[in-house]
Amino acid sequence: MMGNARRLLLIEDDAAFARTLARSFERRGYAVHVLPGLEALQAALEAGESATHAVVDLKLAGGASGLACVKALHAHDPGILIVVLTGYASIATAVEAIKLGACHYLAKPSNTDDIEAAFARAGSGGDAEVELVGRQTSIKTLEWEHIHEALAAADFNISEAARQLGMHRRTLARKLEKRRVK
């Protein structure tokens, strides 16, 4: 990589998105190296690749997890600023990303401004004044949450929950098969 003060590793398997994000960071003065996944990252690190910043997609090709990339990057250089970017945000993966060494975790859609702001907030210890906003929820998620509430209220008796929901027991059973209760 070049001798730029800001060197960015972009671990992203979506080539079109990676190109767009790389160009945007390059316009901001970063030297960018795009890698499609963990194997490419490990090879680059073994070859002496170094970076000051990294953006890691959480869900990589073949079901691979970007969390392994976060772990490898942090083990290689604990000072690197790592932002995890995902379209599959969850509390569990956010917590694990931070534990593994990420400085921030952003849900897609996020742009270069959002990512740079996350890099800038690294080491700030968090923001107690962050705005608490309701996130738009899909109809399917709302339906699932409503079904789960009815199931819990019926002590997980499918027939009783179906009665409370006003649907046939088999319909409820099919919905539960699609998305298992844990």
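A quick note: this is a predicted structure, and the numbers were derived from the prediction, not measured. (Residues numbered from 1 in each chain as written. Predicted model: local features only at pLDDT ≥ 70, side-chain atom pairs only at ≥ 80, totals over all residues. Heavy atoms only, no water.)

Below, the discussion takes up the overall build of the chain. Along the backbone of the chain there are eight helices and five strands. A buried classification covers 35% of the 182 residues belonging to the chain. Partitioning the contacts of the chain with sequence separation of at least 6, the portion at a separation of at least 24 is 59%. (Helix = DSSP H or I, 4+ residues; strand = E, 2+ residues; numbered from the N terminus. Buried < 20%, exposed > 50% of the residue type's maximum accessible area, 1.4 Å probe, protein only. Contact = heavy atoms within 4.5 Å.)

On to the pairing of strand E1 (residues 7-11). Moving residue by residue along a regular strand, the side chains alternate between the two faces of the sheet. The buried fraction of E1 is high, at five of five residues. Every second residue of E1 is oriented toward a common face, with Arg7, Leu9 and Ile11 on one face and Leu8 and Leu10 on the other, all of them buried. Strand direction decides the pairing type here: E1 and strand E2 (residues 31-35), joined by five bridges, are parallel. Bridge assignment links Leu9 to a residue of E2, and that residue is His33. On the question of chirality, the crossover connecting E1 to the parallel E2 by way of helix H1 (residues 15-27) is right-handed. Of the pairings in the sheet, the one linking E1 to strand E3 (residues 53-57) comprises four bridges and is parallel in character. Within E3, the position partnered with Leu8 by the bridge is His53. (Pairing = 2+ DSSP bridges. Right-handed = clockwise from strand over helix to strand, strands pointing away.)

A few words now on the nonpolar core. The biggest cluster of nonpolar side chains holds 23 residues, and the ones touching the most others in it are Leu9, Ile11, Leu41, Val56, Leu73, Ile82 and Val84. Elements represented by at least two residues in this core include exactly E1, helix H2 (38-46), E3, helix H3 (66-76), strand E4 (81-86) and helix H4 (91-100). If near-sequence neighbours (up to four positions away) are discounted, Leu41 is found in contact with Leu9, Ile11, Leu35, Cys69, Ala72 and Leu73. Grouped together as the second largest cluster of nonpolar side chains are 15 residues, Leu21, Val32, Leu85 and Phe119 included. (Core = buried A, V, L, I, M, F, W, Y, C linked by side-chain atoms within 4.5 Å.)

Relative placement of two packed helices is described by the angle separating their axes and the distance separating the axes. Their axes nearest at 10 Å, the elements H2 and H3 cross at an angle of 10°. It follows that H2 is roughly parallel to H3 by the angle criterion. Of the residues in H3, those in contact with Leu38, Leu41 and Leu45 of H2 are Ala68, Cys69, Ala72, Leu73 and His76. Residues belonging to the contact of H2 with H3 are distributed by class as follows: seven nonpolar, one polar and no charged. (Axes fitted to C-alpha atoms, helices over the stretch in contact; angles between N-to-C directions. Parallel < 35°, antiparallel > 145°, perpendicular 65-115°, else oblique. Nonpolar A, V, L, I, M, F, W, Y, C, P; charged D, E, K, R; others polar.)

Counted according to the given criterion, the structure contains one aromatic pair. Residue placement shows Arg6 over the ring face of Tyr30; its charged tip is 4.0 Å from the ring centre. In this structure, Lys108 packs its charged tip against the face of Phe17, placed 4.9 Å from the ring centre. (Phe/Tyr/Trp six-rings, centres within 6.5 Å; stacked < 30°, edge-to-face > 60°. Lys NZ or Arg CZ within 6 Å of the ring centre and 35° of its normal.)

Turning to H4, a few remarks are in order. All buried positions along H4 are accounted for by Thr93, Ala94 and Ala97. Projected onto a plane normal to the axis of H4, the buried residues spread over an arc of 105° and lie on a single side. For H4, the exposed residues lying more than 90 degrees away from the buried face are Ile91, Ala92 and Lys99. Looking at the residues trailing H4, positive phi occurs at Gly101, about 125°. (Arc of directions from axis to C-beta.)

Turning our attention to helix H6 (residues 139-153). Taking 1.5 Å as the rise per residue, H6 with 15 residues should run 21 Å; its terminal C-alpha atoms sit 21 Å apart, in good agreement. Taken as a whole, H6 has its buried residues at Trp144, Ile147, Ala150 and Leu151. Looking straight down H6, one finds that the buried residues subtend no more than 125° of arc, so they occupy a single side. Across H6 from its buried face, at more than 90 degrees, point the exposed residues Glu149 and Ala153. (Expected span 1.5 Å × (residues − 1).)

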